[in-house]
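Architecture at a glance
Residue strings, one per chain:
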Amino acid sequence: MTLSVNTNQPALIALQNLNKTNDEMQGVQTRINTGLAISSAKDNAAVWSIAQDQQADRSALASVKMSLDRATSIADVALTAGESVSDLLNLMREKVVAAKDSSLSTQARTALNADFQGLLSNLTQVVDSATFDGANILDGSQTNAITFLADADAQTVISLNLQTLSLGSPKNSLLAGDSIATLTQATAVLARLDTTIATVNQAVGSIGSQAKQIDAHNTFVSKLSDVLETGVGNLVDADMAKESARLQALQVKQQLGAQALSIANGAPQIILSLFGNG
C-alpha cells in the first residue's frame, strides 16, 4: 500500500462507511419518532400510494358515519313521537268508547269530549315537536324521503321514508274539529279512529324497521373504518421492537466507524517517522 499525505484511501473508506451508518441511523430515528416505516413517497412510492388511497376512504367514512348518526337521531326522535301518538290514540279510543254509552248525562259527555279534545291537541303538539336538526318526518313538512350517505364514494344512500301522522293526513283521518259530544258523533269518530290506530301503528313499525337498518349500517361503517385503519397500519407502521434493536446495533457500529476513521486518519503520521532521523 502506498503511503501518501495527499490521499488516504483507508480514511476515505472509513468515512464512507461511517456516513452510511449515520444515514441508516437517521432513518431508524425517523421511524422511531414518527412510528411509521413509510412516512413519505420517498420511502416506498407504491406502498405509500396504496396507504394514502385507503386513508382517503377512511376519512370519507367519517363523513358517512356522521350522516348516519344524524339519520339515527332523526329516526329515534320520530320513533319516540310515533309511539306517543299511538298511546294517545289508544287513550282517545277509551274516551270515544265511553262516549257511546247512551245513558251518560250531558255533563259527563261534555267532560269526555273535553278530554278527547285535549288529546287531539296533544297529538298535534307531539307530531310538531318530533324535529331533529330541522328534519321532521311526521308533520308533512318534508316532500321527499330523507337520504343519507351510505358509502365512502357517496354513490349509495340509505333512505328514511316520510310517515305523516298529523291530523287529516292519509294515515290519520282524525280532524282537529272532531267531537264526541253526541252519540252519533262518537260513533262516526270511532270508525275513523280504529282505522287510524291500525295505520299509525303500521307507520311506527316502519320507522322502527328503518331505524334498525340504519343502526346496522352504521355499525358496519364503524367496523369498516377500523379495518381500514388496521390495514393502513399494517402497510406503513414501524415495528418499534425491531427499530429499537436496530438503533442499538447502529450506535455500536457508529462508534466503531468513528474509531476506524480515527485510526485511518492517523496512518499518515507513520510518514513522519521515516524522516525523523533525516
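What counts, and where the lines are drawn
Think of each chain on its own: its residues are numbered from 1, step by step along the sequence as written. Reporting of local features is limited, given that this is a predicted model, to residues whose pLDDT is at least 70; pairs of side-chain atoms are given and counted only at 80 or more, and all residues count toward the totals for whole chains, interfaces and linings. Note that the side-chain values use all heavy atoms of the structure and ignore hydrogens as well as water. Helix axes use the C-alpha atoms of the stretch in contact, all axes being lines fitted to C-alpha atoms, and the angles between their N-to-C directions lie in the range 0 to 180 degrees. Starting at the N terminus, helices and strands are each numbered in turn, a helix being any DSSP run of H or I of at least four residues and a strand any DSSP run of E of at least two. Each angle is binned into one of four classes, with values under 35 degrees roughly parallel, values over 145 roughly antiparallel, values of 65 to 115 roughly perpendicular, and all other values oblique. Take the far helix as your reference; a near helix turned counterclockwise from it by less than a right angle gives a left-handed crossing, and one turned clockwise gives a right-handed crossing. Contacts are assigned to residue pairs with any non-hydrogen atoms lying within 4.5 Å of each other. Gly is put with the polar residues, along with every residue not named as nonpolar or charged; the nonpolar set is Ala, Val, Leu, Ile, Met, Phe, Trp, Tyr, Cys and Pro, and the charged set is Asp, Glu, Lys and Arg. UniProt positions are given in the numbering used here, feature names are shortened, and annotations may be inferred rather than shown by experiment. Each patch is built from residues that are more than 30% exposed by relative accessible area and take part in no salt bridge. Like charges join if they lie within 9 Å; nonpolar side chains (Val, Leu, Ile, Met, Phe, Trp, Tyr) join within 5 Å. In this description, accessible areas are obtained by the Shrake-Rupley approach with a 1.4 Å probe, and a residue is regarded as covered only by the protein chains that are shown. Each salt bridge in this description consists of a side-chain nitrogen of Lys or Arg and a carboxyl oxygen of Asp or Glu lying within 4 Å of one another. For the exposure calls, accessible area comes from a 1.4 Å probe over protein chains only, and a residue counts as buried if that area is under 20% of its type's maximum, exposed if over 50%, partly exposed in between. Residues belong to a common nonpolar core when they are buried Ala, Val, Leu, Ile, Met, Phe, Trp, Tyr or Cys residues joined through side-chain atoms within 4.5 Å.

A short note on the packing of helix 2 (residues 45–99) against helix 3 (residues 106–129)
At their nearest, the axes of helix 2 and helix 3 sit 10 Å apart, and the two run at 165° to each other. Here helix 2 is positioned roughly antiparallel relative to helix 3, judged by the angle of their axes. Between helix 2 and helix 3 the crossing geometry is left-handed. Where helix 2 abuts helix 3, its residues Ala81, Ser84, Val85, Leu88, Leu89, Leu91, Met92, Lys95, Val96, Ala98 and Ala99 lie against Arg109, Leu112, Asp115, Phe116, Leu119, Leu120, Asn122, Leu123, Val126 and Val127. Grouping the amino acids of the contact of helix 2 with helix 3 by side-chain chemistry returns 16 nonpolar, two polar and three charged.

Focus: the UniProt feature "domain: Flagellin N-terminal" (unreviewed entry) in the chain
Mapped onto this structure's residue numbering, the UniProt feature "domain: Flagellin N-terminal" (unreviewed entry) falls at residues 5–143. When the span residues 5–143 is considered, its composition is 76% helix and 0% strand, and the gap between its end C-alpha atoms is 92 Å.

Thoughts on a nonpolar patch on the surface
A cluster of nonpolar side chains, contributed by Phe220, Leu224 and Val227, occupies part of the molecular surface with about 260 Å² of accessible area. For leucine 224, the position within the fold is in helix 4 (residues 183–236). You can call leucine 224 partly exposed: its relative accessible area is 32%.

What to know about the side chain of glutamine 210
Structurally, glutamine 210 is set in helix 4. With a relative accessible area of 9%, glutamine 210 lands in the buried category. Excluding its chain neighbours within four sequence positions, the residues that come into contact with glutamine 210 are Ser159, Leu160 and Asn161.

Brief notes about the side chain of glutamate 243
Within the fold, glutamate 243 resides in helix 5 (residues 240–266). The residues contacting glutamate 243, other than those within four sequence positions of it, are Val28, Arg31, Ile32 and Ala238.

Structural notes on the pattern of salt bridges
One pass over the full model with this rule turns up eight salt bridges. A salt bridge links glutamate 229 to arginine 58, with the shortest nitrogen-to-oxygen separation between them at 3.2 Å. With glutamate 229 in helix 4 and arginine 58 in helix 2, this pair connects stretches of sequence that are 171 residues apart. Residue glutamate 229 is classed as partly exposed on the basis of its relative accessible area, which comes to 42%. Its relative accessible area of 25% is what places arginine 58 among the partly exposed residues.

Let's talk about the nonpolar core
Counting 46 residues, the largest nonpolar core has Leu89, Met92 and Leu138 as the members making the most contacts within it. Breaking this core down by element, the ones donating at least two residues are helix 2, helix 3, strand 1 (146–149), strand 2 (157–160) and helix 4. Considering every element that reaches this core, the biggest residue donor is helix 2, with 15 residues. The residues contacting leucine 89, other than those within four sequence positions of it, are Leu123, Leu174, Leu193, Thr196, Ile197 and Val200. Of all hydrophobic cores here, the second largest spans five residues; its members include Ala14, Leu18, Leu261 and Ala264.

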